[in-house]
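In case you want the letters, here they are:
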Amino acid sequence: MTMIEKDLLARQNEACAETVSRDYDMLGEQLRRQGISIDEIKTKVSGYGVAIPSWGVGSGGTRFARFPGAGEPRNIFDKLEDCAVIQELTRATPSVSLHIPWDKADPADLNSKADELGLKFDAMNSNTFQDQLEQPHSYKYGSLSHTDRATRQQAIEHNLECIELGEAIGSNALTIWVGDGSNFPGQSHFTKQFERYLESAKSIYGKLPADWRLFTEHKMYEPAFYSTVVQDWGTNYLIANELGEKAFCLVDLGHHAPNVNIEMIVARLIQFGKLGGFHFNDSKYGDDDLDTGSIDPYRLFLVFNELVDAEVRSAPGFDPAHMLDQSHNVTDPIESLMVSAMEVQRAYAQALLVDRSSLEAYQDENDALMATTTLKQAFRTNVEPILAMARLETGGAIDPVSTYRAAGYRQQVAEIRPVTSGAGGGIV
Ligand SMILES: [Mn+2]
(Lines give C-alpha, C1' and ligand atoms only; values in the text may rest on other atoms or scores of the structure.)
Protein backbone atom coordinates (compact mmCIF):
# COMPACT_ATOMS: atom_id res chain seq x y z
CA MET A 1 0.00 0.00 0.00
CA THR A 2 1.11 3.58 -0.57
CA MET A 3 0.13 6.71 1.31
CA ILE A 4 0.50 8.96 -1.73
CA GLU A 5 -1.49 8.01 -4.80
CA LYS A 6 0.82 6.59 -7.48
CA ASP A 7 -0.95 8.33 -10.38
CA LEU A 8 -0.60 11.71 -8.75
CA LEU A 9 3.11 11.09 -8.13
CA ALA A 10 3.60 10.05 -11.75
CA ARG A 11 1.77 13.16 -13.05
CA GLN A 12 3.80 15.45 -10.81
CA ASN A 13 7.04 13.85 -11.93
CA GLU A 14 6.09 13.94 -15.60
CA ALA A 15 5.70 17.70 -15.42
CA CYS A 16 9.37 18.24 -14.61
CA ALA A 17 11.13 15.03 -15.71
CA GLU A 18 12.53 16.56 -18.90
CA THR A 19 14.04 19.55 -17.12
CA VAL A 20 15.66 17.30 -14.53
CA SER A 21 17.07 15.09 -17.25
CA ARG A 22 18.60 18.10 -19.05
CA ASP A 23 20.05 19.48 -15.80
CA TYR A 24 21.43 16.05 -14.95
CA ASP A 25 23.17 15.78 -18.33
CA MET A 26 24.64 19.27 -17.98
CA LEU A 27 25.99 18.52 -14.51
CA GLY A 28 27.24 15.16 -15.78
CA GLU A 29 29.26 16.96 -18.46
CA GLN A 30 30.67 19.39 -15.89
CA LEU A 31 31.67 16.56 -13.53
CA ARG A 32 33.15 14.50 -16.37
CA ARG A 33 35.65 17.33 -16.96
CA GLN A 34 36.71 16.82 -13.32
CA GLY A 35 37.03 13.08 -13.89
CA ILE A 36 33.90 12.25 -11.89
CA SER A 37 31.16 9.88 -13.05
CA ILE A 38 27.79 11.40 -12.18
CA ASP A 39 26.13 8.00 -12.36
CA GLU A 40 28.45 6.63 -9.70
CA ILE A 41 27.60 9.52 -7.39
CA LYS A 42 23.90 9.01 -8.09
CA THR A 43 24.14 5.28 -7.26
CA LYS A 44 25.73 6.08 -3.90
CA VAL A 45 23.14 8.76 -3.14
CA SER A 46 20.33 6.34 -4.07
CA GLY A 47 21.70 3.82 -1.60
CA TYR A 48 21.86 6.34 1.22
CA GLY A 49 19.28 6.36 3.99
CA VAL A 50 18.70 8.39 7.14
CA ALA A 51 16.29 7.21 9.84
CA ILE A 52 13.26 9.27 10.83
CA PRO A 53 12.71 9.80 14.56
CA SER A 54 9.14 8.78 15.35
CA TRP A 55 8.82 11.86 17.59
CA GLY A 56 9.73 14.14 14.70
CA VAL A 57 6.43 13.78 12.85
CA GLY A 58 4.52 15.61 15.56
CA SER A 59 5.00 19.28 16.44
CA GLY A 60 7.75 19.58 19.05
CA GLY A 61 7.27 22.69 21.10
CA THR A 62 9.53 24.54 23.47
CA ARG A 63 9.58 24.83 27.26
CA PHE A 64 7.06 27.65 26.83
CA ALA A 65 4.41 26.10 24.67
CA ARG A 66 3.56 23.61 22.02
CA PHE A 67 1.49 24.72 19.06
CA PRO A 68 0.18 21.56 17.44
CA GLY A 69 -0.60 21.55 13.75
CA ALA A 70 -3.56 19.98 11.99
CA GLY A 71 -3.72 16.21 11.74
CA GLU A 72 -1.09 15.46 14.35
CA PRO A 73 -0.40 11.71 14.64
CA ARG A 74 -2.34 10.15 17.51
CA ASN A 75 -0.11 7.13 18.09
CA ILE A 76 2.81 5.18 16.67
CA PHE A 77 0.70 3.79 13.83
CA ASP A 78 -0.23 7.29 12.63
CA LYS A 79 3.43 8.25 13.04
CA LEU A 80 4.48 5.31 10.87
CA GLU A 81 2.05 6.41 8.17
CA ASP A 82 3.56 9.90 8.20
CA CYS A 83 7.04 8.37 8.03
CA ALA A 84 5.90 6.30 5.04
CA VAL A 85 4.87 9.50 3.23
CA ILE A 86 8.38 10.88 3.77
CA GLN A 87 9.97 7.68 2.48
CA GLU A 88 7.64 7.35 -0.52
CA LEU A 89 8.42 10.85 -1.72
CA THR A 90 12.13 11.16 -0.84
CA ARG A 91 13.25 7.48 -0.95
CA ALA A 92 15.89 8.60 1.57
CA THR A 93 14.29 7.48 4.84
CA PRO A 94 13.75 3.71 4.84
CA SER A 95 13.62 3.32 8.62
CA VAL A 96 12.09 4.75 11.77
CA SER A 97 13.71 5.16 15.16
CA LEU A 98 11.25 4.45 17.99
CA HIS A 99 11.07 6.14 21.34
CA ILE A 100 9.89 4.11 24.30
CA PRO A 101 7.49 4.43 26.06
CA TRP A 102 5.97 6.99 23.67
CA ASP A 103 5.76 4.37 20.90
CA LYS A 104 5.12 1.28 22.99
CA ALA A 105 2.86 -1.20 21.16
CA ASP A 106 2.47 -4.89 20.46
CA PRO A 107 5.54 -5.86 18.38
CA ALA A 108 3.38 -7.97 16.05
CA ASP A 109 1.27 -4.90 15.26
CA LEU A 110 4.37 -2.75 14.78
CA ASN A 111 5.86 -5.32 12.42
CA SER A 112 2.74 -5.74 10.33
CA LYS A 113 2.23 -1.97 10.02
CA ALA A 114 5.88 -1.46 9.05
CA ASP A 115 5.69 -4.30 6.49
CA GLU A 116 2.54 -2.86 5.01
CA LEU A 117 4.23 0.53 4.63
CA GLY A 118 7.63 -0.79 3.51
CA LEU A 119 9.48 0.59 6.52
CA LYS A 120 12.08 -0.88 8.88
CA PHE A 121 12.96 -0.05 12.49
CA ASP A 122 16.21 1.65 13.35
CA ALA A 123 17.79 2.24 16.79
CA MET A 124 15.55 2.12 19.86
CA ASN A 125 15.54 5.17 22.13
CA SER A 126 14.93 4.85 25.85
CA ASN A 127 13.43 7.55 28.00
CA THR A 128 14.54 8.11 31.57
CA PHE A 129 14.37 11.89 31.42
CA GLN A 130 10.69 12.12 32.31
CA ASP A 131 8.38 10.24 34.66
CA GLN A 132 5.66 7.96 33.34
CA LEU A 133 2.32 7.31 35.00
CA GLU A 134 2.43 4.64 37.67
CA GLN A 135 6.22 4.65 37.71
CA PRO A 136 7.33 3.96 41.32
CA HIS A 137 10.53 6.07 41.32
CA SER A 138 10.97 9.58 39.98
CA TYR A 139 13.75 10.75 37.66
CA LYS A 140 13.64 14.27 39.07
CA TYR A 141 17.16 13.82 40.46
CA GLY A 142 18.47 11.57 37.72
CA SER A 143 18.08 8.06 36.37
CA LEU A 144 21.07 5.82 35.59
CA SER A 145 23.22 7.92 37.94
CA HIS A 146 20.60 8.52 40.64
CA THR A 147 21.78 8.29 44.24
CA ASP A 148 19.03 5.76 44.97
CA ARG A 149 19.70 2.19 43.85
CA ALA A 150 16.04 1.36 43.21
CA THR A 151 15.68 4.35 40.88
CA ARG A 152 18.78 3.32 38.97
CA GLN A 153 17.45 -0.24 38.74
CA GLN A 154 14.15 1.04 37.36
CA ALA A 155 16.04 2.99 34.66
CA ILE A 156 18.15 -0.08 33.83
CA GLU A 157 15.06 -2.26 33.50
CA HIS A 158 13.41 0.29 31.22
CA ASN A 159 16.42 0.11 28.90
CA LEU A 160 16.28 -3.69 28.93
CA GLU A 161 12.62 -3.48 28.00
CA CYS A 162 13.58 -1.29 25.03
CA ILE A 163 16.06 -3.93 23.90
CA GLU A 164 13.45 -6.66 24.25
CA LEU A 165 10.92 -4.76 22.13
CA GLY A 166 13.66 -3.81 19.67
CA GLU A 167 14.64 -7.45 19.21
CA ALA A 168 11.06 -8.31 18.35
CA ILE A 169 10.89 -5.66 15.61
CA GLY A 170 14.26 -6.14 13.95
CA SER A 171 16.16 -3.28 15.55
CA ASN A 172 19.78 -3.83 16.49
CA ALA A 173 20.80 -0.77 18.45
CA LEU A 174 19.85 1.07 21.60
CA THR A 175 20.47 4.79 22.01
CA ILE A 176 20.69 6.09 25.55
CA TRP A 177 20.50 9.74 26.40
CA VAL A 178 20.04 10.77 30.02
CA GLY A 179 19.24 14.21 31.37
CA ASP A 180 21.15 13.39 34.58
CA GLY A 181 23.21 16.19 36.03
CA SER A 182 22.93 18.95 38.58
CA ASN A 183 21.74 22.52 38.79
CA PHE A 184 23.95 23.75 41.63
CA PRO A 185 27.64 23.56 42.45
CA GLY A 186 27.98 21.01 45.20
CA GLN A 187 24.65 19.33 44.45
CA SER A 188 26.31 16.17 43.12
CA HIS A 189 29.65 14.48 43.58
CA PHE A 190 30.97 14.40 40.01
CA THR A 191 33.01 11.23 40.41
CA LYS A 192 30.51 9.20 42.41
CA GLN A 193 27.71 10.26 40.06
CA PHE A 194 29.67 9.13 37.01
CA GLU A 195 30.62 5.88 38.75
CA ARG A 196 26.94 5.17 39.33
CA TYR A 197 26.19 5.96 35.69
CA LEU A 198 28.91 3.60 34.48
CA GLU A 199 27.73 0.82 36.77
CA SER A 200 24.18 1.16 35.43
CA ALA A 201 25.34 1.40 31.82
CA LYS A 202 27.40 -1.77 32.31
CA SER A 203 24.29 -3.62 33.54
CA ILE A 204 22.50 -2.65 30.32
CA TYR A 205 25.50 -3.40 28.14
CA GLY A 206 25.79 -6.84 29.75
CA LYS A 207 22.34 -7.74 28.46
CA LEU A 208 22.90 -6.44 24.93
CA PRO A 209 22.26 -9.14 22.30
CA ALA A 210 25.37 -10.28 20.42
CA ASP A 211 24.54 -8.44 17.19
CA TRP A 212 23.45 -5.20 18.87
CA ARG A 213 25.25 -1.92 19.38
CA LEU A 214 24.82 0.49 22.25
CA PHE A 215 24.95 4.20 21.44
CA THR A 216 25.38 6.76 24.18
CA GLU A 217 24.55 10.36 23.36
CA HIS A 218 26.32 13.29 24.98
CA LYS A 219 24.80 16.70 25.52
CA MET A 220 26.42 19.68 27.14
CA TYR A 221 23.53 20.97 29.22
CA GLU A 222 19.74 20.91 29.60
CA PRO A 223 17.75 19.83 31.52
CA ALA A 224 20.62 20.07 34.01
CA PHE A 225 22.11 23.55 33.88
CA TYR A 226 25.19 23.40 36.08
CA SER A 227 26.68 20.01 35.24
CA THR A 228 25.66 17.09 33.06
CA VAL A 229 26.86 13.53 33.55
CA VAL A 230 27.45 12.77 29.85
CA GLN A 231 28.30 16.30 28.80
CA ASP A 232 30.74 15.97 25.95
CA TRP A 233 32.41 13.62 23.50
CA GLY A 234 35.31 13.04 25.89
CA THR A 235 33.07 11.63 28.59
CA ASN A 236 31.15 9.77 25.94
CA TYR A 237 34.35 8.21 24.64
CA LEU A 238 35.26 7.14 28.18
CA ILE A 239 31.88 5.43 28.48
CA ALA A 240 32.23 3.62 25.16
CA ASN A 241 35.70 2.44 26.17
CA GLU A 242 34.61 1.32 29.63
CA LEU A 243 31.67 -0.65 28.27
CA GLY A 244 33.33 -2.54 25.44
CA GLU A 245 33.44 -3.19 21.73
CA LYS A 246 29.68 -2.97 21.14
CA ALA A 247 29.49 0.52 22.71
CA PHE A 248 29.82 3.63 20.57
CA CYS A 249 29.36 7.39 20.81
CA LEU A 250 26.39 9.06 19.19
CA VAL A 251 26.90 12.61 17.99
CA ASP A 252 23.86 14.87 18.04
CA LEU A 253 24.94 17.95 16.09
CA GLY A 254 23.03 20.27 18.44
CA HIS A 255 24.57 18.94 21.64
CA HIS A 256 27.76 20.99 21.64
CA ALA A 257 28.84 24.44 22.72
CA PRO A 258 28.49 27.08 20.00
CA ASN A 259 31.37 27.08 17.49
CA VAL A 260 32.72 23.72 18.60
CA ASN A 261 34.48 21.96 15.74
CA ILE A 262 32.10 19.02 15.41
CA GLU A 263 33.67 17.63 12.25
CA MET A 264 36.92 17.24 14.17
CA ILE A 265 35.15 15.36 16.97
CA VAL A 266 33.73 13.11 14.28
CA ALA A 267 37.23 12.52 12.89
CA ARG A 268 38.59 11.65 16.34
CA LEU A 269 35.80 9.16 17.05
CA ILE A 270 36.32 7.56 13.64
CA GLN A 271 40.06 7.31 14.26
CA PHE A 272 39.51 5.40 17.49
CA GLY A 273 36.65 3.25 16.18
CA LYS A 274 33.99 4.70 18.44
CA LEU A 275 31.69 6.69 16.15
CA GLY A 276 28.28 5.04 16.56
CA GLY A 277 26.06 7.41 14.71
CA PHE A 278 24.39 10.75 14.37
CA HIS A 279 21.36 12.72 15.27
CA PHE A 280 21.26 15.30 12.52
CA ASN A 281 19.74 18.72 13.12
CA ASP A 282 20.98 22.28 13.13
CA SER A 283 21.38 24.98 15.72
CA LYS A 284 22.13 28.64 16.18
CA TYR A 285 22.56 28.87 19.96
CA GLY A 286 22.15 25.56 21.78
CA ASP A 287 20.19 22.37 21.35
CA ASP A 288 17.79 24.18 19.07
CA ASP A 289 16.76 21.07 17.12
CA LEU A 290 16.32 23.15 13.99
CA ASP A 291 16.03 21.55 10.58
CA THR A 292 19.21 19.92 9.33
CA GLY A 293 21.20 22.23 7.09
CA SER A 294 18.92 25.19 7.75
CA ILE A 295 21.52 27.28 9.63
CA ASP A 296 24.96 26.04 8.69
CA PRO A 297 24.93 23.76 5.65
CA TYR A 298 28.70 24.11 5.33
CA ARG A 299 29.22 22.48 8.73
CA LEU A 300 26.98 19.61 7.68
CA PHE A 301 29.09 19.25 4.55
CA LEU A 302 32.30 19.26 6.61
CA VAL A 303 30.91 16.46 8.80
CA PHE A 304 30.11 14.46 5.66
CA ASN A 305 33.53 15.23 4.31
CA GLU A 306 34.94 13.30 7.28
CA LEU A 307 32.45 10.48 6.75
CA VAL A 308 33.26 10.09 3.07
CA ASP A 309 36.96 10.29 3.85
CA ALA A 310 36.52 7.37 6.28
CA GLU A 311 34.37 5.51 3.74
CA VAL A 312 36.87 5.78 0.89
CA ARG A 313 39.82 4.69 3.02
CA SER A 314 37.71 1.90 4.64
CA ALA A 315 38.39 3.05 8.21
CA PRO A 316 38.20 0.01 10.52
CA GLY A 317 34.86 -0.47 12.28
CA PHE A 318 33.32 2.49 10.48
CA ASP A 319 29.57 1.96 10.18
CA PRO A 320 27.71 4.91 11.73
CA ALA A 321 23.93 4.97 12.06
CA HIS A 322 22.31 8.04 10.56
CA MET A 323 19.21 9.54 12.15
CA LEU A 324 17.46 12.87 12.12
CA ASP A 325 16.55 14.42 15.47
CA GLN A 326 14.62 17.65 15.13
CA SER A 327 11.78 19.57 16.67
CA HIS A 328 9.34 21.26 14.35
CA ASN A 329 7.48 24.28 15.63
CA VAL A 330 6.51 26.43 12.65
CA THR A 331 6.46 23.98 9.75
CA ASP A 332 4.54 20.89 8.77
CA PRO A 333 6.80 18.19 10.31
CA ILE A 334 6.50 15.97 7.23
CA GLU A 335 7.74 18.79 4.99
CA SER A 336 10.60 19.61 7.37
CA LEU A 337 11.68 15.98 7.59
CA MET A 338 11.57 15.55 3.82
CA VAL A 339 13.67 18.66 3.26
CA SER A 340 16.07 17.65 6.04
CA ALA A 341 16.56 14.15 4.65
CA MET A 342 17.36 15.74 1.30
CA GLU A 343 19.81 18.14 2.97
CA VAL A 344 21.66 15.20 4.50
CA GLN A 345 21.75 13.52 1.08
CA ARG A 346 22.97 16.76 -0.46
CA ALA A 347 25.86 17.01 2.01
CA TYR A 348 26.73 13.40 1.25
CA ALA A 349 26.67 14.00 -2.52
CA GLN A 350 28.79 17.14 -2.20
CA ALA A 351 31.30 15.33 0.01
CA LEU A 352 31.54 12.57 -2.62
CA LEU A 353 32.65 15.23 -5.11
CA VAL A 354 35.71 16.30 -3.10
CA ASP A 355 38.87 15.71 -5.09
CA ARG A 356 40.63 13.75 -2.34
CA SER A 357 43.94 13.16 -4.05
CA SER A 358 44.33 16.88 -4.80
CA LEU A 359 43.27 17.71 -1.25
CA GLU A 360 45.87 15.37 0.17
CA ALA A 361 48.58 16.86 -2.05
CA TYR A 362 47.65 20.40 -0.98
CA GLN A 363 47.72 19.31 2.67
CA ASP A 364 51.15 17.75 2.23
CA GLU A 365 52.44 20.90 0.54
CA ASN A 366 50.88 23.11 3.24
CA ASP A 367 48.91 24.92 0.55
CA ALA A 368 46.11 26.03 2.84
CA LEU A 369 44.38 28.17 0.25
CA MET A 370 44.09 25.47 -2.38
CA ALA A 371 43.18 22.84 0.20
CA THR A 372 40.22 24.83 1.43
CA THR A 373 39.31 25.82 -2.13
CA THR A 374 39.14 22.12 -2.98
CA LEU A 375 36.51 21.61 -0.30
CA LYS A 376 34.64 24.74 -1.33
CA GLN A 377 34.52 23.64 -4.95
CA ALA A 378 32.66 20.48 -3.97
CA PHE A 379 30.39 22.35 -1.58
CA ARG A 380 29.48 24.96 -4.20
CA THR A 381 28.41 22.35 -6.74
CA ASN A 382 24.66 22.28 -7.18
CA VAL A 383 23.98 18.56 -6.81
CA GLU A 384 20.21 18.95 -6.95
CA PRO A 385 19.95 17.19 -10.36
CA ILE A 386 21.69 14.14 -8.83
CA LEU A 387 19.30 14.05 -5.89
CA ALA A 388 16.25 14.59 -8.09
CA MET A 389 17.31 11.90 -10.55
CA ALA A 390 18.04 9.48 -7.69
CA ARG A 391 14.54 10.06 -6.34
CA LEU A 392 12.90 9.74 -9.74
CA GLU A 393 14.65 6.48 -10.55
CA THR A 394 13.83 4.90 -7.19
CA GLY A 395 10.14 5.75 -7.42
CA GLY A 396 10.17 8.95 -5.38
CA ALA A 397 9.18 12.48 -6.24
CA ILE A 398 11.33 14.92 -8.17
CA ASP A 399 9.91 17.63 -5.93
CA PRO A 400 8.70 15.96 -2.70
CA VAL A 401 7.25 19.08 -1.08
CA SER A 402 5.12 20.17 -4.03
CA THR A 403 3.92 16.60 -4.60
CA TYR A 404 3.06 16.29 -0.90
CA ARG A 405 1.08 19.52 -1.04
CA ALA A 406 -0.67 18.49 -4.25
CA ALA A 407 -1.67 15.19 -2.62
CA GLY A 408 -3.45 17.04 0.19
CA TYR A 409 -2.23 14.47 2.72
CA ARG A 410 -2.29 16.83 5.70
CA GLN A 411 -5.86 17.92 4.98
CA GLN A 412 -6.95 14.28 4.66
CA VAL A 413 -5.44 13.18 7.95
CA ALA A 414 -6.71 16.33 9.69
CA GLU A 415 -10.23 15.04 9.03
CA ILE A 416 -9.66 11.76 10.84
CA ARG A 417 -7.15 12.78 13.50
CA PRO A 418 -8.62 15.01 16.19
CA VAL A 419 -6.96 18.24 17.27
CA THR A 420 -4.39 17.50 19.98
CA SER A 421 -3.71 19.53 23.09
CA GLY A 422 -0.77 21.88 23.40
CA ALA A 423 0.60 19.92 26.33
CA GLY A 424 3.82 17.99 26.20
CA GLY A 425 6.89 18.37 24.04
CA GLY A 426 8.95 16.06 21.94
CA ILE A 427 12.51 17.27 22.13
CA VAL A 428 15.37 14.94 22.93
MN1 LIG B 1 19.41 13.57 19.93
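Read on for an overview of the structure.

What counts, and where the lines are drawn
- Residues numbered from 1 in each chain as written.
- Predicted model: local features only at pLDDT ≥ 70, side-chain atom pairs only at ≥ 80, totals over all residues.
- Pairing = 2+ DSSP bridges.
- Helix = DSSP H or I, 4+ residues; strand = E, 2+ residues; numbered from the N terminus.
- Buried ≥ 20, exposed ≤ 12 C-beta atoms within 10 Å, placed from the backbone.
- Core = buried A, V, L, I, M, F, W, Y, C linked by C-beta atoms within 7 Å.
- Contact = placed C-beta atoms within 7 Å.
- Axes fitted to C-alpha atoms, helices over the stretch in contact; angles between N-to-C directions.
- Parallel < 35°, antiparallel > 145°, perpendicular 65-115°, else oblique.
- Left-handed = near helix turned anticlockwise from the far one by under 90°.

A separate point is the sheet that holds strand β2 (residues 95-97). In spatial order, the strands read β1-β2-β3; together these three strands make up an open sheet with parallel pairing. Pairing within the sheet leaves two strands with one partner each, and these edge strands are β1 (52-53) and β3 (120-121).

The subject of this paragraph is the pairing of strand β7 (residues 213-217). Summarising burial for β7: five of the five residues are buried, a large majority. The alternating pattern of β7 places Arg213, Phe215 and Glu217 and Leu214 and Thr216 on opposite faces, both of which are buried. Direction of pairing for strand β5 (residues 173-176) relative to β7: parallel, over a ladder of four bridges. By the bridge assignment for β7, Ile176 is matched with Thr216. Across four bridges, the pairing between β7 and strand β9 (residues 247-252) is parallel. Directly across from Thr216, in β9, lies its bridge partner Cys249.

Turning our attention to the nonpolar core. Formed by 107 residues in total, the largest nonpolar core has its most connected members in Ala351 and Ile386. Per-element accounting of this core gives the leading share, 11 residues, to helix α10 (residues 333-352). Those residues in contact with Ala351 that lie beyond four places of it in its chain are Phe301, Phe304, Asn305, Leu307, Val308 and Ala378.

Turning next to the packing of helix α3 (residues 76-90) against helix α14 (residues 400-407). Orientation of α3 relative to α14, taken along the N-to-C sense of each, is 125 degrees, at an axis distance of 9 Å. Comparing the axis directions of α3 and α14 gives the class oblique. The handedness of the crossing between α3 and α14 comes out as right-handed. Where α3 approaches α14, its residues Val85, Leu89 and Thr90 are matched on the opposing element by Pro400, Thr403 and Tyr404.

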